[in-house]
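So the chains spell out like this:
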Amino acid sequence: MKEKEGITVLRFYGSIGAANAQKLKLAFQKLPEENDRLIINLGVSFITSEAIGYLIQIYKKYKEKKGDIVLCNISDNVRTVLEMIRLHKVITIVENEEKAVAYFYQESK
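Structure report, in brief. As the structure is a prediction and not an experimental result, all values here were calculated from the model. (Residues numbered from 1 in each chain as written. Predicted model: local features only at pLDDT ≥ 70, side-chain atom pairs only at ≥ 80, totals over all residues. Heavy atoms only, no water.)

**Focus: the overall build of the chain**
Piece 1. What the chain contains, in helices and strands, is four helices and five strands.
Piece 2. Seen in sequence order, the chain has helices and strands lined up from the N terminus as β-β-α-β-α-β-α-β-α.
Piece 3. For 109 residues, the compact-globule estimate of 2.2 N^0.38 gives 13 Å, and the chain sits close to it at 13 Å.
Piece 4. Principal-axis analysis of the C-alpha atoms places the extent of the chain at approximately 35 × 25 × 25 Å.
Piece 5. Looking at the 109 residues of the chain, the share that counts as buried comes to 42%.
Piece 6. Looking at the chain as shown, the accessible area adds up to about 6300 Å², and 51% of this sits on carbon and sulfur atoms.
Piece 7. Of the side chains in the chain, 17 bear a positive and 14 a negative charge, and the two mean positions are spaced by 3 Å. (Helix = DSSP H or I, 4+ residues; strand = E, 2+ residues; numbered from the N terminus. Rg over C-alpha atoms; globule rule 2.2 N^0.38 Å. Buried < 20%, exposed > 50% of the residue type's maximum accessible area, 1.4 Å probe, protein only. Areas by Shrake-Rupley, 256 points an atom, 1.4 Å probe, with all protein chains shown as cover. Lys, Arg positive; Asp, Glu negative; His and termini not counted. Charge placed at Lys NZ, Arg CZ, Asp CG, Glu CD.)

Set out below in structure tokens:
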């Protein structure tokens, strides 16, 4: 977990399979409650449905507190899965962290 220009950034690499999907949940539980902007750098080659469920839960939590999340650094395999379930229609996906930061600053104007 890092801070980038006042925005919390979570970075995940490798894959999020059944054995380590709980790491995603634990990372989300450690997020500061006052935070209302989150970038999830999802640089993974594989993601389970359980992990996708955690993404949806955190999205709902941020929307309830009038915040937002952005996903970035999505591999083609993971993007295909997210598009199949239409998650890209709900959660903003951008190319990289710099564009994610720019998204938040653009949204605040």
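**Re the pairing of strand β2 (residues 7–16)**
Piece 1. Pairing analysis gives three bridges linking strand β1 (residues 2–4) to β2, with the strands arranged antiparallel. Looking at β2, one finds that K2 is bridged to V9.
Piece 2. Taken together, the eight bridges between β2 and strand β3 (residues 37–47) define a ladder with parallel strand orientation. If you follow I16 over to β3, its bridge partner there is I47.
Piece 3. For the handedness criterion, the β-α-β arrangement of β2, helix α1 (residues 21–29) and β3 is classed as right-handed. (Pairing = 2+ DSSP bridges. Right-handed = clockwise from strand over helix to strand, strands pointing away.)

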